[in-house]
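# Notes for the structure review
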Amino acid sequence: MASFLYRLGHGAFRWRWFVVLLWAAALVTAGFGALKAPAADDSNTSFMPGIEAQKAYDLIGERFPGADANGADARIVFVAPDGQKVTAAGTRTVIDDFVTEAGQGSQVASAVSPYKSDAVSKDGSTAYATVTYKVAAGDLTDSSKDALRHAVDGARDKGVTVEVGGTALATQPAAGGSAEAIGIGIAAVVLLITFGSLAAAGLPLLTAVIGVGVSMAGILALGSTFGLSLTTGTLASMLGLAVGIDYALFVVSRYREERSRGRDPREAAGLAVGTAGSAVVFAGLTVIIALGGLSVIGVPMLTKMGLCAAGAVAVGVLVALTLVPALLGMWPDAVLSRGVRRKRARALRKQNSEHNGGSRWARFVQRRPIAVLLVCVAGLGALALPSASLELGMPGDESKPVSTTERRAYDALAEGFGAGFNGPLTIVVDAKNSDAPKAAASAIAEEIKGTAGVVSVSSPHFNPTGDTALFSAVPATGPNDQTTKDLVQTIRAERPGLEKSAGATFEVTGSTAMNIDVATALQNALVPYLIVIVGLALVLLLVVFRSVLVPVKAAFGYLLSVLASLGVVVAVFQWGWGAQLLGVEQTGPIMSLMPIFLVGIVFGLAMDYEVFLVARMREAYVHGDRPAQAVVAGFRHNARVVVAAAVIMIAVFSGFIGSTESMIKTIGFGLAIAVLFDAFFVRMTIVPAVLALLGDKAWWLPRWLDRLLPRVDIEGSGLTPAPAESSHESARPEPVRT
């Protein structure tokens, strides 16, 4: 591996113009393909096939032709002035005029007056009208949206409080461009401080942006073929940028180190790619494993997002191995610090000094490993305790700021009609095999109406063929309340007897039931997902480090950091501890996808730091250092770069905490805090403490397993000859020479 990568880096440096032109051609080709490719087909609305709510949702689309189950809708909430009622003549005229105006338009399917659909609260203070559209929210034209806004403004101008919920005019989350720009800006400052050179700071940023450009253009170019879109590529953009900077950072750092030892530029580039590049390859593989593992969850959207992000990471690895050394060849001295360029002798002595912050920290931990280990494990363990109370759900309008009309509409409906009105259950009755479909649907509706926790049930509405009926059941509690979840399970548990007596089958769906089913399915999939990615990574790390205990230690540290970060997320976003400091206005269940994202993404990044840091220790150990010396050597050379990489990651993810969307805010906070825990408490503290306690045993590998495992030479022993004799030679396998 090291010899092959050495030749690759050496060749990229030599044929730099060809390599740069090749990447430029790839970027232009992908960009041209993205511009010419037709838009992706978003007609497949199946989120998680197999769950009951999704099957019922699909049945609605099949049995009710012409009614797009994914069509946009707007729920217009009217609140009468203080002391008045919406049934008053003047207010009624305003609402009727609104319904008439909103019902006009080529994309409008219907506009239903509250006075014709019994949508007036018992106290007469609140009413709502429903406007449905023939197309999905993303396909609404600006003229259709403007017409609805004009009608709303007209009603407001006449003195009625009007708020708008639903999907038609829903506030869309920011695309993330500003957050990424903030992350890039902070990354530039961190790189400049780390390297002391504008060129060295700018090169990782430039190559990362090129890699992300190729990846995103490729996703758009293949969008119509594989059903991909910009939303699918969100994760690819975020991770591609983060790992692209990190991977280039490590290659540039090793190049500078080799130059400080007196190597000529081409040799330094070859050695940088042969050594740091080996770590980049295997770190990239761990991230790809974590992202590819998302396919076991059973969510098509997650599978696409994971595979797109895995492709972006693969591109980032290729960029670091080829484009980075090529650009180094164009400006071989530009990435060196000013001190090295101008005052070479003194700067080299300082750069090669064994006493820097990393080595001093490693020695500090080695002097008291047990105390450091106990403090870190106990601290992270305590932070992980709230994760046992994790509740999953999907944030709705109730989680939005009160400054949004969606949140005000939600609150007005809850006050006027009850908390459960914002999350009605949709019951789909399949009476295809029934002799009396209407009687069967009515019997099921009456039975569900009598279930404890159900406030009201609407009249069944049949499809044109008369074999399928729909009706709504309004719970007494809100969509994310545990009582509502129990109610859904109760209705389903009583289904067998009810279906037998009615002679028809039914299923429960709607947004509330869908969120409950998705949360349950994802929670059940979390453990298998963990087993898959951790198992594959253990095998990969076993091959990389040729050690049994180092991979086990890496997996244990990862689990500790991810559970601690989940615990903090629960404490803040579910329990409300310090929520106001982050601008969280409404606490509640954690987004269903959050644990999966956290587990997968943090696993890949954690293994990045593990490979980068421990690979350098392994390299020093193979080349003759004692275990304690090897740990210090790894920290002396790579601690500063790992810290810089972690700070960049934290900066990129923290940029999303300022979002007004609860979902984005939670993801940004969770990933930022997880990187903080894993980089600084696990990799920079627990790792050296454990290795100090293990000594030579850390690198133990049974002889029979040593013979079975392939040799990949990540430590570059085939590039730099190891000492002929070593006092710890018997404790490890022979150095690999390729």
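I will try to describe carefully the structure that is included in this document. (Residues numbered from 1 in each chain as written. Predicted model: local features only at pLDDT ≥ 70, side-chain atom pairs only at ≥ 80, totals over all residues. Heavy atoms only, no water.)

## A closer look at the overall build of the chain
Helix and strand counts for the chain come out as 25 helices and 11 strands. A buried classification covers 54% of the 738 residues belonging to the chain. (Helix = DSSP H or I, 4+ residues; strand = E, 2+ residues; numbered from the N terminus. Buried < 20%, exposed > 50% of the residue type's maximum accessible area, 1.4 Å probe, protein only.)

## A closer look at the packing of aromatic side chains
Enumeration according to the criterion identifies 12 aromatic pairs in this entry. For the ring pair Phe250 and Phe612, a centre distance of 3.6 Å and an interplane angle of 15° mean the geometry is stacked. Linking Phe250 in helix α9 (residues 234–260) with Phe612 in helix α22 (residues 594–622), this pair joins segments that are 362 residues apart in sequence. On the basis of relative accessible area, Phe612 is assigned to the buried category, the value being 2%. Cluster of aromatic residues (ring-pair linked, three or more members): Tyr128, Phe417 and Phe421. Lying over the aromatic face of Tyr128, Arg75 brings its terminal NZ or CZ to 5.0 Å of the ring centre. Above the ring of Phe506, the side-chain terminus of Arg495 is found at 5.7 Å from the ring centroid. (Phe/Tyr/Trp six-rings, centres within 6.5 Å; stacked < 30°, edge-to-face > 60°. Lys NZ or Arg CZ within 6 Å of the ring centre and 35° of its normal.)

## Details of the side chain of Asp467
For Asp467, the position within the fold is in the loop between β8 (461–462) and β9 (468–475). At 2.8 Å, the side chain of Asp467 and the side chain of Asn463 are in polar contact. Side chain to side chain, Asp467 and Thr465 meet in a polar contact 3.0 Å long. If we skip the residues at most four places from it in the chain, Asp467 touches Arg63, Val429, Asp430, Ala431, Lys432 and Phe462. (Polar contact = N/O pair within 3.5 Å; in protein donor to acceptor, adjacent residues only side chain to side chain. Contact = heavy atoms within 4.5 Å.)

## Side note on the packing of helix α21 (residues 549–574) against α22
Axes are the key here: two packed helices are described by the angle between their axes and the distance separating the axes. Between α21 and α22, the shortest axis-to-axis distance is 10 Å and the interhelical angle comes to 140°. In this view, α21 runs oblique relative to α22, as classed from their interaxial angle. Considering how the two elements wind past one another, α21 and α22 form a crossing that is right-handed. Facing α21, whose interface residues are Val550, Lys553, Ala554, Tyr558, Val562, Ser565, Leu566 and Val569, α22 presents Met594, Pro595, Leu598, Val599, Val602, Phe603, Ala606, Met607, Glu610 and Val614. (Axes fitted to C-alpha atoms, helices over the stretch in contact; angles between N-to-C directions. Parallel < 35°, antiparallel > 145°, perpendicular 65-115°, else oblique. Left-handed = near helix turned anticlockwise from the far one by under 90°.)

## Examining helix α16 (residues 405–417)
Over its 13 residues, α16 runs 18 Å from end to end, which matches the ideal 18 Å to within 8%, given 1.5 Å per residue. Among all positions in α16, only Thr405, Glu406, Arg407, Ala409, Tyr410, Ala412, Leu413 and Gly416 are buried. On its buried side, α16 packs onto β1 (73–79), β3 (126–133), α5 (142–157) and β4 (161–166). Phi for Gly418, located one or two positions after α16, is positive at around 110°. (Expected span 1.5 Å × (residues − 1).)

## Description of the packing of helix α15 (residues 369–384) against helix α24 (residues 662–694)
It is the contact of α15 with α24, at a shortest axis distance of 9 Å, that shows an interaxial angle of 145°. The chirality of how α15 crosses α24 is left-handed. Counted together, Pro369, Ile370, Val372, Leu373, Cys376, Val377, Leu380 and Leu383 of α15 and Phe677, Phe681, Val682, Thr685, Ile686, Ala689, Val690, Ala692 and Leu693 of α24 form the full contact between these two elements. For the contact of α15 with α24, a count of residues per class yields 16 nonpolar, 1 polar and no charged. (Nonpolar A, V, L, I, M, F, W, Y, C, P; charged D, E, K, R; others polar.)

## A look at the pairing of strand β6 (residues 425–430)
When you tally the buried positions in β6, you get 5 out of 6 residues, the bulk of the element. As paired strands, β6 and β9 are joined by 6 bridges and run antiparallel to one another. Looking across to β9, one finds that Val429 is bridged to Ala469. Relative to strand β10 (residues 505–509), β6 runs antiparallel, the two being bridged by 5 bridges. Bridge pairing links Val429 to Phe506 in β10. (Pairing = 2+ DSSP bridges.)

## Here we look at the pattern of salt bridges
Per the stated rule, a full pass over the model turns up 23 salt bridges. Note that Arg149 and Asp146 form a salt bridge whose closest N and O atoms lie 3.0 Å from each other. Of this pair, Arg149 and Asp146 both sit in helix α5, 3 residues apart, which is roughly one turn of that helix. With a relative accessible area of 44%, Asp146 lands in the partly exposed category. For the salt bridge of Glu163 with Arg408, the shortest nitrogen-to-oxygen distance reads 3.0 Å. Of this pair, Glu163 sits in strand β4 while Arg408 sits in helix α16, and the two are 245 residues apart along the sequence. Residue class for Glu163 comes out buried when judged on its relative accessible area of 9%. Arg408 gets classed as partly exposed once you look at its relative accessible area, which sits at 33%. Salt bridges sharing partners connect three or more residues here, namely Arg254, Glu257, Glu258, Arg261, Arg263, Arg616 and Glu619. (Salt bridge = Lys/Arg side-chain N within 4 Å of Asp/Glu carboxyl O.)

## Let's talk about helix α18 (residues 482–493)
Here α18 is 12 residues long and its end C-alpha atoms lie 16 Å apart, about the 16 Å a rise of 1.5 Å per residue gives. Of all the residues in α18, the buried ones are Thr484, Lys485, Leu487, Val488, Ile491 and Arg492. Angular distribution of buried residues about the axis of α18 spans 155°; they occupy a single face of the element. Capping the start of α18, Asp481 holds a side-chain oxygen 2.8 Å from the backbone nitrogen of Thr483, two or three residues further along. (Arc of directions from axis to C-beta.)

## Section: the nonpolar core
Counting 198 residues, the largest nonpolar core has Tyr247, Ile448 and Tyr558 as the members making the most contacts within it. For this core, the element with the highest residue contribution is α22, accounting for 20 residues. Look past the residues within four positions of Ile448 in its chain and what remains in contact with it is Ile427, Val454, Val457, Phe471, Ala473, Ile491, Leu498 and Phe506. Within the second largest apolar cluster, 26 residues are counted, among which are Ala80, Val94, Tyr115 and Ala155. (Core = buried A, V, L, I, M, F, W, Y, C linked by side-chain atoms within 4.5 Å.)

Keep in mind these values describe shape, not function.
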